[in-house]
Amino acid sequence: MKTKTKAKGAVTLPLNTILAGDCIEVMRSLPENSVDLIFADPPYNLQLKGELHRPDNSRVDAVDDHWDQFASFAAYDRFTQEWLSAARRLLKPNGAIWVIGSYHNIFRVGAAMQNAGFWILNDVVWRKSNPMPNFRGKRFTNAHETMIWASKEEGAKYTFNYEALKSLNEGIQMRSDWVLPICNGGERLKDESGEKAHPTQKPQSLLHRVLVGSTNPGDVVLDPFFGTGTTGAVAKMLGRDFIGIEREEAYRKVAEARLAKVRRFEREALEVTASKRAAPRVPFGQLVERGMLRPGEELYSMNKRHKAKVRADGTLVGGDVRGSIHQVGAALEGAPSCNGWTYWHIKRDGKSVPIDVFRQQIRAEMGHRPN
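Figured I'd write up the structure that's included with this text. (Residues numbered from 1 in each chain as written. Predicted model: local features only at pLDDT ≥ 70, side-chain atom pairs only at ≥ 80, totals over all residues. Heavy atoms only, no water.)

### Comments concerning the packing of helix H2 (residues 73-90) against helix H3 (residues 106-116)
Then step 1. At a minimum axis separation of 10 Å, H2 and H3 run at an interaxial angle of 45°. In terms of orientation, H2 and H3 fall into the oblique class. Relative to H3, the crossing made by H2 is right-handed. For the pair H2 and H3, contact is made by Phe73, Tyr76, Asp77, Thr80, Leu84 and Arg88 and by Arg108, Val109, Ala112, Met113 and Ala116, respectively. (Axes fitted to C-alpha atoms, helices over the stretch in contact; angles between N-to-C directions. Helix = DSSP H or I, 4+ residues; strand = E, 2+ residues; numbered from the N terminus. Parallel < 35°, antiparallel > 145°, perpendicular 65-115°, else oblique. Left-handed = near helix turned anticlockwise from the far one by under 90°. Contact = heavy atoms within 4.5 Å.)

Given below as structure tokens:
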């Protein structure tokens, strides 16, 4: 078991461990401001009345476990407020939380999150590509669940790997409606009797998208309702540390056996597409200082309509316009802005080369590898 402590004498943070007990009590025992992300799949409080049957009168294995039963909405609200308060205490200032739920509970949870001080960033709809039918035929098929993603407070920083999520979506900006299948087939864990080990086991694809999008390798991910350990399994594969809390012994046993078989991906495979803003800044003047471009050399616009000369101080002069590579490009094009790195080119060995090639060369020397 790997552990972390904030300072000498501080409470040890038990990493890559499943902790037994009530999630509220356990979270209160952990060090403050120690967790990067929380993924919570709390009881839905489904309020089922009697058994549910299919048209052929066979019984549906619905969620009727004791942990999902509360005496009243007021009791459920108290429980929600308490675990959210304990969770918020654990989050680092730049941490975030995801909570998943159904129409039975997610609206109450969302209000409680706002009351607790969380700042909602998005609600994400998980649209199930293979939902369970509505057997009674009295309502729409319940084909989605809702996830709320929130930062610790308004204005707080948080991790969002925008480019990585865009790459997952074939280069298109990731939307807030995710079409993914429910957990079934070989992924569905079974107990010793061959029955479903957990009634609401979440698919690995869902947690993969959450963790790739909102954490980085080495981050600590806490799941206070660990169940059979999907969060821990995906975190381990992706090089994140996890802490699971689960009061039901049967679920802990299944999760422990599952996690023992999980292997972390290779370090190189864990790298994701980074935002261009995360790349080290290289001033244009550095290209001049290092002799990659010489004062007096002419640069050409990518459309060949304009040209400008490099000056010793890292500025350009084009006609009557003087300034940075961006300012001169924008002025010559009559545009409000211009990315000078891609706009300006230079002739090298008879070929037109964008000046961004030289910037990338410097970044490579700094240890930054473009994705």
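Moving on, there is more to tell.
### Focus: the environment of Phe225
Then step 1. For Phe225, the location among the structural elements is in the loop between strand S9 (220-223) and helix H6 (230-237).
Then step 2. Overall, the relative accessible area of 14% leaves Phe225 in the buried class.
Then step 3. Considered as a pair, Phe225 and Gly244 are 19 residues apart in the sequence and their alpha carbons are 7.3 Å apart.
Then step 4. Each residue touching Phe225, except ones within four places of it in the same chain, is listed here: Cys23, Ala40, Asp41, Pro42, Pro43, Phe79, Trp83, Ile245 and Glu246. (Buried < 20%, exposed > 50% of the residue type's maximum accessible area, 1.4 Å probe, protein only.)

### Let's talk about the sheet that holds strand S13 (residues 316-318)
Then step 1. Ordered in space as S14-S13-S12-S11-S15-S16, the 6 strands form an open sheet in which the pairing is antiparallel. Strands at the two margins of the open sheet, each flanked by one partner only, are strand S14 (321-323) and strand S16 (351-354). The average angle at which neighbouring strand axes cross in this sheet is 35°, direction not considered.
Then step 2. Examined bridge by bridge, strand S11 (residues 298-301) and strand S15 (residues 344-348) share 2 bridges and lie antiparallel to one another. The residue of S15 that forms the bridge with Tyr300 is His345.
Then step 3. Its contacts with the sheet place helix H9 (residues 325-333) against strand S12 (307-310), S13, S14 and S15, and it is angled at close to 155° to S14. (Pairing = 2+ DSSP bridges.)

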